[in-house]
Amino acid sequence: MAFMLMEPTNQTFQELISNGVKYQVPRFQRDYAWDKEQWEDLWSDIETINDEQYHYMGYIVLQRKSQHDFEVIDGQQRLITLSLVVLAAMKSIQSLIHKNEEAAENTERLRVLTERYVGSKNPISLKVDSKLSLNRNNSANFKTICSTLDAPNKRGQTKTNKQLNECFKFFVTKRLGNTGQEIAEFIERIASGMIFTKIVVQDDLNAYKVFETLNARGVQLSTPDLLKNYIFSVVTKNNDVSDDELNELDESWSDIVSQLGESNFTDFIRYHHNFQAPLVTKKELFASVRKRVNTSERAYEYLHSLSRYAPIYASLLNPHDDWWSNQDVVYRNAKKYLEGFELFNIKQPFTILMAAFHQFSPEEFVSLSKYIYILAIRYNVICHLSPNEQDSVYNQLAIKINSTEFKRASHVKNSELFKKLYPGDDVFFNAFEFHKMPSRRSAKKIRFLLAEIETYLGHETDYTKTTLEHVCPYNPDEEWDNYFGEGVNDIQDRLGNVVLLEKDGLKRSSFENKKRVYLRAHYPLAQQVATYDEWNLPSLNAYQAWLAKQAVETWKVAYD
């Protein structure tokens, strides 16, 4: 069905909430989540209305369900909190009635304010039919505040309902006026001074398309919320899902987001997608998910799959995660490879490793991690080759693993796809021979690389317990400047000008003094540097060529 997006219009809170309009927060939307920091910010905004007539509150995105009924797609936190401000002010008027201060006038004021901002009261139960209805977790609590102008005082309240109640109490404590007239003027002032840009989506359009369209217009909405709105709208579109089922799904979703954190969420969704389907970019991701997850059954399967793989992705990001201690002990052998990915911020391999975790044995998973790690050092860290080509190949490899076409690490290593990416020894040597890394910003990475070469040479080295020593000082004094000669200003960041030591107290010592320390050290690289009679550009070039040969053997995938 074609859809329309009405042109944005600016409306005050008063205009939004009047004229018999009702707003429903979809029952699968996230709970009320604002806390004291946001309440205080809003109160500061409210106070500015005394000086300036208006304050801009941003976008509110609505989906029309009928002429006067809307679902709140984005903006519920602001709508709820402003409603609680009005309810808190009404509580102050109710207190005046209880003190018998202008009781008749204030009772009438309360009646008018209830009808204008809160909803109509049932004459029998005296419960309010609210203009704003919240999701299933907040609805009953909010209705109680609307009906009684009191925060429910129940045992075992959920965190979100405690926040609702604390928000209400927060604004009750504010000075909103001394008389009923002053308080009513306060309500009218903020209601007519808070301006929203209202966007309404017409027709029966799923929530995902709303988010997709708005993001394209620059209205940035949370990625987890975006996907959740779509998935849950598919699950609930036949209105045959019980609250208990939704609660379980909600808990499962919250668990996924809390494991990953919002900043890692999109990458996880993309890598999860890319071991099961053809490669997509971040821009294409949600359109592709929408095509694949288009029925309630598929939505359930998708949620189950996200739950299954979220802990794997989170733990691939963090090699020291407790999760690994609950896995087969063999997986610990992959730790140093995962540390390499973490240190160099290389995430592309995760689409392959996620696919392999449930398909390969622990031993095969470790072997695969090693091969991909070696490839990453050659391809990403030293040769700086195309990430786009790598993404495409990893996608194809991951799909073959997921479909069980590849059942062992050797199937990956020996594939033409892997070999296509793998930089040959000559290419890697040439890139390493004159390689630079900014040693002030990348000291940890350099120590990691050099420690790997040390370990290959038989000196097991923990890079975290070493320090980086510049042979020619990073900022050479005049003596070193004259000693080193030509090229002294171009070698600070060359890998051939640094070695590992347990501690670095040499600073600007002469090369002769440094050599004596290097020879006594247990580090093969420092000992190799000490074999040179003097330290100048030819010596450095010769040493880094030797270092490049060791690197070729350190990071090598063996082919028979």
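This text follows the structure it describes.
Residues numbered from 1 in each chain as written. Predicted model: local features only at pLDDT ≥ 70, side-chain atom pairs only at ≥ 80, totals over all residues. Heavy atoms only, no water.

> Explanation requested: a negative patch on the surface in the structure shown.
On the surface, Asp-240, Asp-244, Glu-245, Glu-248 and Glu-251 cluster together into a negatively charged patch. Relative to the assigned elements, Asp-244 resides in helix α10 (residues 243-260). (Patch = residues over 30% accessible without salt bridge, like charges linked within 9 Å, V, L, I, M, F, W, Y side chains within 5 Å. Areas by Shrake-Rupley, 256 points an atom, 1.4 Å probe, with all protein chains shown as cover. Salt bridge = Lys/Arg side-chain N within 4 Å of Asp/Glu carboxyl O. Lys, Arg positive; Asp, Glu negative; His and termini not counted. Charge placed at Lys NZ, Arg CZ, Asp CG, Glu CD. Helix = DSSP H or I, 4+ residues; strand = E, 2+ residues; numbered from the N terminus.)

> Can you help me understand the packing of helix α13 (residues 296-317) against helix α15 (residues 350-357) in this one?
Angle between the axes and distance between the axes: these two values describe a pair of packed helices. Closest axis-to-axis distance for the α13/α15 pair is 10 Å, and the angle between their directions is 130 degrees. Classified by the angle their axes make, α13 and α15 are oblique. The two elements α13 and α15 cross, and the hand of that crossing is right-handed. Here α13 contributes Tyr-309, Ile-312, Tyr-313, Leu-316 and Leu-317 to the contact with α15, which in turn contributes Phe-350, Leu-353, Met-354 and Phe-357. (Axes fitted to C-alpha atoms, helices over the stretch in contact; angles between N-to-C directions. Parallel < 35°, antiparallel > 145°, perpendicular 65-115°, else oblique. Left-handed = near helix turned anticlockwise from the far one by under 90°. Contact = heavy atoms within 4.5 Å.)

> Please clarify how the sheet that holds strand β7 (residues 132-133) should be interpreted in this entry.
Sheet strands pair via backbone hydrogen bonds, and the direction of the pair is either parallel or antiparallel. On the basis of which strands lie adjacent, the open sheet formed by six strands has the order β1-β8-β3-β4-β2-β7 and mixed pairing. Two strands close off the open sheet at either side, each with one partner strand: β1 (9-12) and β7. Pairing geometry for strand β3 (residues 55-64) and strand β4 (residues 69-74), over four bridges, is antiparallel. Paired with Arg-64 across the strands is Phe-70, a residue of β4. (Pairing = 2+ DSSP bridges.)

> How do you make sense of the pairing of β4 when you look at a structure like this?
Where strand β2 (residues 22-24) lies against β4, three bridges are found, and the strand directions are parallel. Following the sheet pairing, Lys-22 is matched in β4 by Asp-69. Counting the residues in the hairpin turn of β3 and β4 gives four residues.

> Would you mind showing me how to read the pattern of salt bridges here?
A side chain with one charge can pair with a side chain of the opposite charge if their charged atoms come near. A complete count under the given rule lists 19 salt bridges for this structure. A salt bridge links Glu-405 to Lys-400; its shortest N-O distance comes to 3.3 Å. Residue class for Lys-400 comes out partly exposed when judged on its relative accessible area of 24%. Between Lys-556 and Glu-553 there is a salt bridge, with its nearest N and O atoms 3.9 Å apart. (Buried < 20%, exposed > 50% of the residue type's maximum accessible area, 1.4 Å probe, protein only.)

> Is there a simple way to think about the environment of His-273 in this case?
Among the secondary structure elements, His-273 is positioned in helix α11 (residues 262-274). Sequence-wise, His-273 and Leu-306 are 33 residues apart; in three dimensions their C-alpha atoms are separated by 9.8 Å. When near neighbours in sequence (up to four residues on either side) are disregarded, His-273 contacts Pro-278, Val-280, Leu-285, Ser-288, Val-289 and Arg-292. In terms of polar contacts, His-273 uses its side chain to reach the side chain of Asn-274, at 3.0 Å. (Polar contact = N/O pair within 3.5 Å; in protein donor to acceptor, adjacent residues only side chain to side chain.)

> What's the story with helix α7 (residues 180-193) in this structure? I'm lost.
Since the α-helix advances by 3.6 residues per turn, residues separated by three or four positions end up pointing in the same direction. With 14 residues, α7 should reach 20 Å at 1.5 Å per residue; the first-to-last C-alpha distance of 20 Å fits that figure. For α7, the complete set of buried residues consists of Gly-180, Ile-183, Ala-184, Phe-186, Ile-187, Ile-190, Ala-191 and Gly-193. (Expected span 1.5 Å × (residues − 1).)

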